[in-house]
Structures are given as structure tokens and as C-alpha cells.
Amino acid sequence: MMNRPGCTIVVMSLACVVGKSATTTKPHLDGIFLSINNATSQWTQQQWREDLTAMARVEIKFFCPRALVVGTGEPPTAECPLGFFETYYEPSSLACMRPAPNMPINGTLTHLMSAARDVGLDVHLGLALPAQHVLENRTRDSLFYRQLAWLQWTVAQDVWESIPNANKSTVKGIYTVLEESNEIGSLEQTQNLAGHYLEPLSRDIKANISDDLLVWASPYYVGNLTRHRDSDIMDPDLYAEWWGAIFRMAPHLDFIAPQDSMGANGNSFQNVTDYLTAIARVSHEVGREVWSNVELFEVWPMNCTGSWSHCSGRHPGPIKRITEQIANEANIAPTLIAWEWHSCLSPYAQDLSYGSAIKATYDAYLAYVQL
């Protein structure tokens with residue numbers, strides 16, 4: 001947090017904004033993903049400051065924009081094998097990319113980062129997210145991972161250069177975007193994933209941008225055998241050992257923050273305990289910490305199961321379930337991040353038919369933190 005003499009200056013310290021020092025000892029979220037959308041990409045620095053002040057009020061210390069570069073629906077070409085992208089910052093002359101429409105002057109990221117600095121929040125940056133149709137239609141071979149690593153590296157350099165020096169100290173890490181899973185088919189991708197993506201990307205970020213930056217991933221695991229056949233998934237011990245192998249092949253990757261998959265994939269509290277405990281054990285064996293990613297949402301209608309084609313969308317889960325998730329996972333992981341701020345928790349959520357439910361969840365979580 002910036003060193004400020006007190007509460008009489010224009011930009012207040014976090015303690016002054018919140019109204020009390022951050023002293024809660026109960027389990028709570030340390031960080032949260034933030035997915036920039038068409039509405040928030042047009043926000044001013046003041047709008048971001050108000051939004052992030054609400055984030056700080058519930059004692060969240062950092063956030064991670066999930067992706068600063070987002071794939072479009074345009075098909076890939078030979079020159080752009082992972083498709084075309086819109087950026088939430090002002091890019092240099094990178095091929096295959098263009099600024100998102102209607103951004104404010106200097107781009108969304110500049111206003112977001114300046115607001116984070118003002119409020120006293122740290123930031124982890126998500127890089128490029130190819131369009132879903134590109135990810136679904138590409139074979140996960142060595143060429144795919146090399147192309148993805150090159151995309152992420154060029155974006156990382158470009159984003160870093162676009163950030164004013166005054167804001168760079170707020171950046172604490174880089175999120176690698178790709179969501180690995182415990183599907184049994186992932187086993188055959190181990191060498192390519194680690195050797196052609198996670199290790200070269202992590203190594204180059206630390207060597208050429210800053211060795212102080214944390215580089216991490218947020219994979220997921222499913223364990224509900226009423227929805228998934230046991231022959232299709234890695235059990236907790238196998239999945240943990242798989243990540244142990246990846247860490248050994250990717251020594252510059254700092255840690256993972258596994259998604260608890262309680263929002264849509266039907267994991268139980270016991271599933272989460274089993275997988276997260278195994279992952280923490282192996283992570284510690286190879287000298288890594290482990291975070292956990294708390295899914296704050298639930299799918300609707302409530303009987304939605306199986307393919308996403310049967311689901312109409314997501315909204316915030318019950319506050320009782322959310323606080324129980326936090327308590328369960330805090331017993332194992334020292335740092336908790338969550339998905340996602342504007343769709344589940346921000347009182348300033350926009351363009352969502354369930355905005356009142358999000359505000360109610362925020363108020364309930366604020367009461368939980370301050371109780």
C-alpha cells in the first residue's frame with residue numbers, strides 16, 4: 001500500500017476508505033478474479049476507484065483481471081493461428097490485435113491500475129484468452145503450446161511496457177490463463193504443457209520482466225462421480241502427482257490455485273478436501289505453496305447438470321455455502337482467491353439481470369467479514 005500521511009489528503013489510505021483497519025481473523029477471501037466486460041471496459045478511473053474501494057471494504061487485498069486480451073469470433077489464419085483479439089489496453093503494433101471499442105483514452109488497464117494504486121490493492125495480470133472455438137478445435141500438440149506460449153509472452157511484454165512506471169509496483173504476478181483439468185486425457189499432454197508452455201513462459205517473464213513476479217495457474221478438478229465416470233478423471237493422488245511432475249519440469253512456475261468446482265461441476269466439500277489436501281501435500285514436497293480458487297456462483301436453473309447447453313447462466317451462490325467453502329479451503333490453503341467479482345460480489349455490477357442478487361451477496365459477505 002502507498003505510504004500516505006493520513007486521511008486528509010484527496011486519495012485516502014485503505015484503512016480510511018474501509019473505515020477500520022483490516023483485522024478480521026476469520027477465514028476470508030484474499031483475492032478475486034475480475035472479468036472486464038463491454039460495460040466496465042468503458043469505466044473512468046473514478047468508477048474503478050469506487051468499485052475497488054468496495055472490494056477493499058471486504059478485506060480483499062488483490063485482484064486479477066482474468067484476461068487483458070480476449071479472442072474474437074473471427075477464424076484463425078496462417079498469420080494468426082490462435083485467432084484475432086481485442087485488447088483492454090492500448091497495444092503497440094502487435095499482429096492479430098486491436099483495441100476494444102469505446103475504451104477511454106489510454107485504455108481500460110491504465111484507469112484500472114491507477115485506481116488500484118489509489119485504493120491500495122495489488123494486481124495480478126491475466127494475459128490472452130483465445131476464443132472458445134479456437135481452443136475447442138485445436139489439437140493440444142506441441143505446436144499449439146508453443147504458439148500459445150509465444151502469444152502470452154508477446155502480450156506480457158506489451159502489457160508491461162504499456163503500464164506507467166508509477167503503477168508497476170502494484171503488479172505482483174502473472175496468471176497464465178489456460179485452465180488445466182484432471183481429465184484423464186491430460187496425462188498425455190504433460191510434456192507439451194510443461195515443456196512448451198508453462199516453463200518457457202514463466203522463465204521468460206522472470207528473466208526479462210521481473211524475477212519478483214509470481215507466475216501461476218488456476219486449473220480445476222472434478223470429483224463428483226454422479227456426473228463424471230471415475231475412468232475419465234484422475235483421482236486426488238494421481239492429479240496431485242501429475243502437478244508434482246509438472247512443477248519439476250517447470251521450475252519457474254510458482255504455484256497453482258485450483259478451482260474448487262463447486263459452482264457448476266458439482267464437487268462436494270469432501271471432494272474439495274480430498275483434492276486440495278493431496279495437491280497441497282505434493283506442492284509442499286516440491287517447494288511450492290498452494291492457493292485455492294473459491295467458486296462463488298451457481299448455475300441456473302438449479303437442476304442444470306451435464307452439458308452447459310442445458311444451462312441458462314450463473315448467479316451468486318448462497319452466502320452460507322460461500323462462507324462454508326471459505327472455511328473448508330482455508331484449512332488447507334493459506335491464500336484464497338475467488339471467481340468472480342462483477343458477476344458474484346461487486347455492488348457496482350452492471351448489465352446483469354441479477355444485479356440485486358449480487359448486491360445482496362456483497363452486503364451479506366460484508367456483514368460476515370465485519371462480524
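## Looking at the sheet that holds strand β4 (residues 85–87)
Working step 1: Reading across from one edge, β5-β4-β3-β7 is the order of the 4 strands in this open sheet, with mixed pairing throughout. At either margin of the open sheet sits one strand with a lone partner, and together these are β5 (97–99) and β7 (128–129).
Working step 2: As paired elements, strand β3 (residues 69–71) and β4 share 3 bridges and run antiparallel to each other. Note that in β4 the partner of Val70 across the bridge is Glu86.

## Structural notes on the packing of helix α2 (residues 45–57) against helix α3 (residues 108–119)
Working step 1: Running from amino to carboxyl end, α2 crosses α3 at an angle of 45°, the nearest separation of the two axes being 8 Å. For the element pair α2 / α3, the angle class is oblique. The chirality of how α2 crosses α3 is right-handed. Residues Gln45, Trp48, Arg49, Leu52, Thr53 and Ala56 of α2 form the contact with α3, whose participating residues are Thr108, His111, Leu112, Ser114, Ala115, Ala116, Asp118 and Val119.
Working step 2: Among the residues forming the contact of α2 with α3, the class breakdown is 7 nonpolar, 5 polar and 2 charged.

## Regarding the state of the cysteines
Working step 1: Taken as a whole and judged by the stated rule, the model has 1 disulfide.
Working step 2: Cys80 shares a disulfide with Cys96; S-S distance 2.0 Å. Disulfide Cys80-Cys96: torsion about the S-S bond near -90°, hence left-handed. Of this pair, Cys80 sits in the loop between β3 and β4 while Cys96 sits in the loop between β4 and β5, and the two are 16 residues apart along the sequence.

## Description of the packing of aromatic side chains
Working step 1: Inspection of every chain in the model, using the stated rule, returns 18 aromatic pairs.
Working step 2: With a centroid separation of 6.4 Å and an interplanar angle of 45°, the aromatic rings of Tyr145 and Tyr197 are classed as tilted. Placement of Tyr145 in helix α5 (residues 142–162) and of Tyr197 in helix α7 (residues 190–208) is noted, with a sequence separation of 52 residues between them. Summarising the burial analysis for this pair, Tyr145 and Tyr197 share the class buried.
Working step 3: Relative to Tyr275, the ring of Tyr221 has its centre 4.8 Å away and its plane inclined at 10°; by these criteria the two rings are stacked. Placement of the pair is Tyr221 in the loop between β9 (214–217) and α8 (236–249) and Tyr275 in helix α9 (residues 269–285), with a sequence separation of 54 residues.
Working step 4: For Tyr221, a relative accessible area of 0% corresponds to the buried category.
Working step 5: The class for Tyr275 is buried, based on a relative accessible area of 4%.
Working step 6: By the ring-pair criterion, three or more aromatic residues cluster together here, those being Phe33, Phe62, Tyr175, Trp216, Phe255, Trp291 and Trp339.
Working step 7: Over the ring of Tyr368 we find Lys26; its NZ or CZ atom is 4.5 Å from the centre of that ring.

Reading guide: rules and limits
- Residues numbered from 1 in each chain as written.
- Predicted model: local features only at pLDDT ≥ 70, side-chain atom pairs only at ≥ 80, totals over all residues.
- Heavy atoms only, no water.
- Pairing = 2+ DSSP bridges.
- Helix = DSSP H or I, 4+ residues; strand = E, 2+ residues; numbered from the N terminus.
- Axes fitted to C-alpha atoms, helices over the stretch in contact; angles between N-to-C directions.
- Parallel < 35°, antiparallel > 145°, perpendicular 65-115°, else oblique.
- Left-handed = near helix turned anticlockwise from the far one by under 90°.
- Contact = heavy atoms within 4.5 Å.
- Nonpolar A, V, L, I, M, F, W, Y, C, P; charged D, E, K, R; others polar.
- Disulfide = S-S within 2.5 Å.
- Phe/Tyr/Trp six-rings, centres within 6.5 Å; stacked < 30°, edge-to-face > 60°.
- Buried < 20%, exposed > 50% of the residue type's maximum accessible area, 1.4 Å probe, protein only.
- Lys NZ or Arg CZ within 6 Å of the ring centre and 35° of its normal.

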